[in-house]
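As a plain string of letters, each chain reads:
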Amino acid sequence: MVTDRSKQAEVLYQTQQRRSQQKHQRVLEVVQQLHQQGKPITFAAVARLAGVAVSYLYKWDDLKDYIQTLRDESRKPQLLPDEVPRDQPYSVKTLLEVARKRIRELEAEIQELRRQNELYREHVAEIYELRDEVARLQEQL
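Overview of the structure. (Residues numbered from 1 in each chain as written. Predicted model: local features only at pLDDT ≥ 70, side-chain atom pairs only at ≥ 80, totals over all residues. Heavy atoms only, no water.)

**Brief notes about the overall build of the protein chain**
Thought 1: When its secondary structure is counted, the protein chain shows five helices and zero strands.
Thought 2: The secondary structure elements of the protein chain, listed N-terminal to C-terminal, are α-α-α-α-α.
Thought 3: Here the protein chain holds 141 residues, and the buried ones make up 18% of them.
Thought 4: For the protein chain, the exposed area adds up to about 11500 Å²; of that, 54% sits on carbon and sulfur atoms. (Helix = DSSP H or I, 4+ residues; strand = E, 2+ residues; numbered from the N terminus. Buried < 20%, exposed > 50% of the residue type's maximum accessible area, 1.4 Å probe, protein only. Areas by Shrake-Rupley, 256 points an atom, 1.4 Å probe, with all protein chains shown as cover.)

Here it is as structure tokens:
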């Protein structure tokens with residue numbers, strides 16, 4: 001009987017390890033895909049596209065560091081009028097377009113974060129319901 005349980009435990013452990021590796025690989029592929037497409041790399045976007053929780057991304061230091069590095073690269077600040085090199089002509093129209101593009105990107109990110117926040121609220125409510133159900137079932141036992 002002990003051997004059957006140890007074999008079952010080993011099979012479950014191996015399955016869990018394989019799923020974890022697949023999930024890890026899926027996240028790396030999504031990040032690389034976003035980077036190649038020039039799309040903004042955010043933890044929320046990566047989590048949504050990879051089908052994982054944002055907390056999963058923060059759990060693994062290698063994933064977190066990789067995402068932050070690429071995110072920081074893609075968020076290099078645009079030149080402001082005071083920072084414009086004097087030997088390059090930049091029109092106000094060009095600077096305005098750069099600012100408008102950045103505003104659109106930030107608005108899209110805000111919208112995505114709001115959507116994620118709503119999902120988390122739902123998860124928290126579900127957790128509390130499950131906690132109450134567990135307490136009720138424990139009392140019955």
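This is not the end of the story, as more comes after the structure.
**A look at helix α2 (residues 43-50)**
Thought 1: Of all eight residues that make up α2, six are buried, and the element is covered over most of its length.
Thought 2: Gly51 occupies a position one or two residues after α2 and carries a positive phi of about 75°.

**Some words on the pattern of salt bridges**
Once the charged atoms of two side chains with opposite charge are near each other, the side chains can pair.
Thought 1: Applying the stated criterion across every chain yields a total of seven salt bridges.
Thought 2: A salt bridge links Arg115 to Glu112; its shortest N-O distance comes to 3.0 Å. On the criterion of helical spacing, the pair formed by Arg115 and Glu112 is a turn pair, its members being three residues apart in helix α5 (residues 92-140).
Thought 3: Each of the salt bridges in this network shares a partner with another, and the network as a whole consists of Arg48, Glu112 and Arg115. (Salt bridge = Lys/Arg side-chain N within 4 Å of Asp/Glu carboxyl O.)

**Some thoughts on the nonpolar core**
Thought 1: Residues Val27, Val46, Val52, Leu57 and Ile67 are the most contacted members of the largest nonpolar core, which totals 17 residues.
Thought 2: Of all the secondary-structure elements, those providing two or more residues to this core are α1 (2-37), α2, α3 (54-59) and α4 (61-74).
Thought 3: With five residues, the top contributor of residues to this core is α2.
Thought 4: With sequence-adjacent residues up to four places away left out, Ile67 is seen in contact with Val31, Ile41, Phe43, Val46 and Leu57. (Core = buried A, V, L, I, M, F, W, Y, C linked by side-chain atoms within 4.5 Å. Contact = heavy atoms within 4.5 Å.)

Honestly, that's just the spatial picture; any functional story needs more than this.
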